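Listed here are the chains, written in short residue letters.
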Amino acid sequence: TASGVTENFTATWNQPGSSAIRCFTTFLFNATNVQIGEHEDCFFPTWPSVSITGYTASNSSSTNTVYFDIDDIVAGENYAVQLYLVAQANNTTVDYSMLTNFTATATNGSFNWGYITPSVSGIYCAQAFLYNDSLVFLNSDVVCFTIFNDDDQDGVWNEYDLCPNTPTNATV
């Protein structure tokens, strides 16, 4: 029996297994069980995501940092994240973080990971992977950048420098 002109209901549900469209449909019946109304809301589920937001790539530092955000997570739920630094030339993992488990305290968060700076010049890709508490893959992101090692600062990568220790401002 209605006690006013509005009524609120809460529907709880588990995250669906795909991002296919989902719909909630409600029906309103009168006291004699005759349908007198219907309403439908459709949406695409929002998935937890990881995004690399920045990085440092200084060849003069022994370690550098990858900055990343995790969004659309559920406070109180458990997740795991792991990052890798991969040499693009041969797809070799140069450094990686431990698999880090965490309990979300908010719907998003900002994090960072310190990686060991490679000693060889090249293009490197930072990869971030987000998992749920059962280690089911949720999302990933990748960003690539160049680390340029030039000890004598003549503009030639150490690996290709035929004249190491070139004096500053000398023509190469």
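The structure this text deals with has already been given above.
The paragraphs below set out a description of the structure included in this document. Since the model is a prediction, treat every value here as computed from it, not as a measurement.

Thoughts on the overall build of the chain
The number of helices and strands found in the chain is zero helices and ten strands. Reading the secondary structure of the chain in the N-to-C direction produces β-β-β-β-β-β-β-β-β-β. On C-alpha atoms alone, the chain measures out to a radius of gyration of 26 Å, which is more than a quarter above the 16 Å that the 2.2 N^0.38 rule sets for 172 residues. Projected onto its principal axes, the C-alpha positions of the chain cover 95 × 30 × 30 Å. Looking at the chain residue by residue over its 172 residues, the buried ones come to 27%. Taking contacts inside the chain between residues at least 6 apart in sequence as the whole, the part at least 24 apart equals 53%.

Thoughts on the state of the cysteines
A complete count under the given rule lists two disulfides for this structure. Bridging Cys-23 to Cys-42, the disulfide has an S-S length of 2.0 Å. Linking Cys-23 and Cys-42, the disulfide has an S-S dihedral of approximately 105 degrees and is accordingly described as right-handed. Highlighted residues: Cys-23 in strand 1 (residues 22–29) and Cys-42 in strand 2 (residues 35–43), separated in sequence by 19 residues.

Let's talk about the environment of Val-66
Summarising the element assignment, Val-66 is placed in strand 4 (residues 63–71). The spacing of Val-66 and Asn-78 is twelve residues in sequence and 22 Å in space, taken between C-alpha atoms. Val-66 has contacts with Ile-52, Gly-54, Tyr-55, Leu-83, Phe-111, Asn-112, Trp-113, Tyr-115 and Ala-126, leaving out every residue within four places of it along the chain.

Looking at the sheet that holds strand 3 (residues 49–55)
Taken in spatial order, the three strands line up as 3-4-8 in an open sheet, and their pairing is antiparallel. Each edge of the sheet is formed by a strand with only one pairing partner; in this case those strands are strand 3 and strand 8 (108–116). Neighbour to neighbour, the strand axes of the sheet diverge by 30 degrees on average, direction disregarded. When strand 3 meets strand 4, the two strands line up antiparallel, connected through six bridges. Its bridge partner lying in strand 4, Ser-51 is registered against Asp-69.

Focus on unusual backbone geometry
Phi at Asp-72 is positive, roughly 60 degrees, even though this residue is not glycine. Note on placement: Asp-72 falls in the loop between strand 4 and strand 5 (78–87). If you check the backbone angles, Asn-91 has positive phi at about 60 degrees while not being a glycine. Residue placement: Asn-91 occurs in the loop between strand 5 and strand 6 (92–96).

A closer look at the nonpolar core
The biggest cluster of nonpolar side chains holds 21 residues, and the ones touching the most others in it are Phe-68 and Ile-70. Counting residues per element, the ones that place at least two in this core are strand 3, strand 4, strand 5, strand 8, strand 9 (122–132) and strand 10 (137–147). Per-element tally for this core: the top contributor is strand 5, with five residues. Apart from residues lying up to four places away in sequence, Phe-68 is in contact with Val-50, Ser-51, Ile-52, Thr-53, Val-81, Leu-83, Gly-109, Ser-110, Phe-111, Asn-112 and Trp-113.

Analysis parameters
- Residues numbered from 1 in each chain as written.
- Predicted model: local features only at pLDDT ≥ 70, side-chain atom pairs only at ≥ 80, totals over all residues.
- Heavy atoms only, no water.
- Helix = DSSP H or I, 4+ residues; strand = E, 2+ residues; numbered from the N terminus.
- Rg over C-alpha atoms; globule rule 2.2 N^0.38 Å.
- Buried < 20%, exposed > 50% of the residue type's maximum accessible area, 1.4 Å probe, protein only.
- Contact = heavy atoms within 4.5 Å.
- Disulfide = S-S within 2.5 Å.
- Pairing = 2+ DSSP bridges.
- Axes fitted to C-alpha atoms, helices over the stretch in contact; angles between N-to-C directions.
- Core = buried A, V, L, I, M, F, W, Y, C linked by side-chain atoms within 4.5 Å.

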